[in-house]
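The lines below spell out each chain.
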Amino acid sequence: MKSSERKLVVGLEVGTSKVLALVGEVLPDGIVNVIGVGHCPSKGVDKGGVNDLESVVKSIQRAIDQAELMADCQISSVYLSLSGKHVRCQNEIGMVPISEEEVTTDDVENVVHIAKSVRIIDEHRILHVIPQEYSIDLQEGIKNPIGLSGVRMKSKVHLITCHNDMAKNIVKAVERCGLKVDQLIFSGLASSYAVLTDDEKELGACVVDIGGGTMDISVYTGGALRHSAVIPYAGNVVTSDIAYAFGTPPMDAETIKIRYGCAVGALVGKDDFIDVPSVGGRPPRRLQQQTLADVIEPRYTELLNLVNKEIHTLQDILKQQNVKHQLAAGIVLTGGGAQIKGLVECAERVFQTQVRVGEPLDISGLTDYVQKPYCSTAVGLLHYGKASLINEYLEGKNKKIVTGFFKRATSWFKKEF
């Protein structure tokens, strides 16, 4: 990629139902301008995990080829999303004495390093180390401690881990296409980068990315990420229910769900009928749309109740720790499974709070293609890539005045990825 001329980043999402590649140009004002899109059905991935390497490689190659053609560039590396029920999180604390009169970047590096040097589950590796807040002596809730005076500094961090082999398999599929993985990013984190505002993170919000095989959950309160989780049930179970209930092929069940489905039966007219294809060459049948809603509504309610249970468990823990636990900004639903009619009404019943469907924010370019809930993860990867580019640029500027010792101190963080 001719990144010397243009600052380009590529996001690649290899999901259960689709592979999506986006090419974004980071403009001087910091906006991500989407210039290439590649999209193809996903084969060989189930619930975020690879179960047929060759099929996955083919799907990735097709999406990448399309994106290259549209963006007129050669893609050499990607930011890659990862999901699956093996993704775990833990909140940890680190503490260090402040070395000089005031907090330096070294102190911040050290305190985060101590917080992340904890035991994690066997065969897992750390994906993300995300600082939540710092405290210095008796002062708590500090967002940026650099330059402040004190004796001891404490840091709270959110660690997201994943199973090493699961991560290796998805990376292997991408590398088979001759691409380098810049970084692996938890899909739920990427989606929240795309759809959440800073105000929502501050007030407390939960992003639920409903895909084909997984629901990725990210909960923010007081401006920090408090919880990450993956539930291995999602849109595909609804499609499967429709296929079984009406004896229709899964591909047709998916089309019917998207075109005519509704998550609240009461919103469907009594006289609305649909033609449902049959299997084995039998003629299609006419069915009331109401019957379809009667299959969809209980399943979506069940899926959202799984999320609600996860949120309540977390809120109880946060309450005990005296951390803000209210989700005053409510729930943001995104992902392909969030595009069904009546979902907001169904979700508001379950969560008893305000709900909105989240589309990617702060992008320009091919917005007709990508300002859709199913593009949230891939757009979030571009935002993540943009932040990394900016950090590299700032680090590059600082390096000229930084001593060799500081370079060594920062290297632990690089090695992690």
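Predicted model only: the values in this text are computed from it and were never measured.

Turning our eyes to something else, we now look at the nonpolar core. By size, the foremost hydrophobic cluster in this structure holds 65 residues, and its most contacted members are L12, V14, I60, I75, V78 and L80. Looking at this core, the element that brings in the most residues is helix α1 (residues 53-71), giving seven residues. Excluding residues within four positions of it along the chain, I60 makes contact with L12, V14, V19, A173, V174 and C177. Core analysis: the next-biggest nonpolar cluster, separate from the first, contains 42 residues, V237, V307, L314 and L327 among them.

For the rest of this paragraph, the subject is the sheet that holds strand β18 (residues 355-357). On the basis of which strands lie adjacent, the open sheet formed by five strands has the order β14-β13-β12-β17-β18 and mixed pairing. This sheet does not close on itself; its edge strands, each paired only once, are β14 (224-231) and β18. With direction set aside, neighbouring strand axes in the sheet form an average angle of 20°. Sheet topology places strand β12 (residues 205-210) next to strand β13 (residues 215-221); six bridges connect them, and they run antiparallel. Its bridge partner lying in β13, I210 is registered against M215. Together, β12, β17 (330-334) and β18 form the strand contacts of helix α9 (residues 343-351), whose direction differs from that of β18 by roughly 150°.

Non-glycine residue E123 carries a positive phi angle of around 65°. Following the sequence through the fold, E123 ends up in the loop between α2 (105-116) and β8 (124-136). At D137, a residue that is not glycine, the phi angle is positive and equals roughly 50°.

Turning to the UniProt feature "domain: SHS2" (unreviewed entry) in the protein, a few remarks are in order. Per the UniProt entry, the sites bearing "domain: SHS2" (unreviewed entry) are residues 9-195 in this numbering. Secondary structure across residues 9-195 comprises 28% helix and 43% strand; the distance between its end C-alpha atoms is 19 Å.

Moving on to the pattern of salt bridges. Using the criterion set out here, one finds twelve salt bridges in the structure. For E297, the salt bridge goes to R349, with nearest N and O atoms at 3.1 Å. Remark: R349 occurs in helix α9 and E297 occurs in helix α8 (residues 289-320); sequence separation between them is 52 residues. In this structure E297 comes out as buried when scored by relative accessible area, which is 18%. Each of the salt bridges in this network shares a partner with another, and the network as a whole consists of E133, K156 and R226.

What follows is about the packing of α1 against helix α3 (residues 164-175). In the contact formed by α1 and α3, the axes pass within 8 Å of each other and the chain directions differ by 50°. Relative to α3, the element α1 lies oblique. As for the relative orientation of α1 and α3, their crossing is right-handed in sense. Counting all contacts with α1, which are made through L53, V56, V57 and I60, the residues of α3 involved are N169, K172, A173 and V174. For the contact of α1 with α3, the per-class residue count stands at six nonpolar, one polar and one charged.

With the rule as written, the count across this model stands at one aromatic pair. Where Y193 meets Y384, the ring centres are 5.4 Å apart and the plane angle is 45°; that geometry is what we call tilted. Of this pair, Y193 sits in helix α4 (residues 187-195) while Y384 sits in helix α11 (residues 376-399), and the two are 191 residues apart along the sequence. Given a relative accessible area of 12%, Y384 falls into the buried group.

It is worth spelling out the environment of I75 at this point. Inspection of the secondary structure assignment puts I75 in the loop between α1 and β6 (77-82). When the C-alpha atoms of I75 and A224 are compared, they prove to be 33 Å apart, with 149 residues separating the residues in sequence.

Let us look at empty space enclosed by the protein. On inspection of all chains with the given rule, the structure shows one cavity of 30 Å³ or more. Those elements that place two or more of their residues in the lining of the largest cavity are β5 (49-50) and α3. Along the lines of polarity and charge, the residues of the lining of the largest cavity split into four nonpolar, four polar and no charged.

Rolled over the atoms, a probe sized like a water molecule indicates the empty space that remains. Volume-wise, the second largest pocket comes out at about 1200 Å³. For the lining of the second largest pocket, the per-class residue count stands at 15 nonpolar, 24 polar and seven charged.

Packing of helix α6 (residues 235-246) against helix α7 (residues 250-260) brings their axes to within 8 Å, and their N-to-C directions diverge by 110°. Between α6 and α7, the crossing angle belongs to the class labelled roughly perpendicular. Note on element contacts: α7 touches α6 through P250, A253, E254 and K257, opposite G235, V238, T239, I242 and A243. Partitioning the contact of α6 with α7 into residue classes produces five nonpolar, two polar and two charged.

About the criteria used
Residues numbered from 1 in each chain as written. Predicted model: local features only at pLDDT ≥ 70, side-chain atom pairs only at ≥ 80, totals over all residues. Heavy atoms only, no water. Core = buried A, V, L, I, M, F, W, Y, C linked by side-chain atoms within 4.5 Å. Buried < 20%, exposed > 50% of the residue type's maximum accessible area, 1.4 Å probe, protein only. Helix = DSSP H or I, 4+ residues; strand = E, 2+ residues; numbered from the N terminus. Contact = heavy atoms within 4.5 Å. Pairing = 2+ DSSP bridges. Axes fitted to C-alpha atoms, helices over the stretch in contact; angles between N-to-C directions. UniProt positions renumbered as here; feature names shortened; annotations may be inferred. Salt bridge = Lys/Arg side-chain N within 4 Å of Asp/Glu carboxyl O. Parallel < 35°, antiparallel > 145°, perpendicular 65-115°, else oblique. Left-handed = near helix turned anticlockwise from the far one by under 90°. Nonpolar A, V, L, I, M, F, W, Y, C, P; charged D, E, K, R; others polar. Phe/Tyr/Trp six-rings, centres within 6.5 Å; stacked < 30°, edge-to-face > 60°. 1 Å grid on protein atoms, 1.4 Å probe; cavity = no way out; pocket = protein on both sides within 12 Å on 5 of 7 lines; lining within 4 Å. Points joined across faces, edges and corners; volume = space filled by probe spheres on them.

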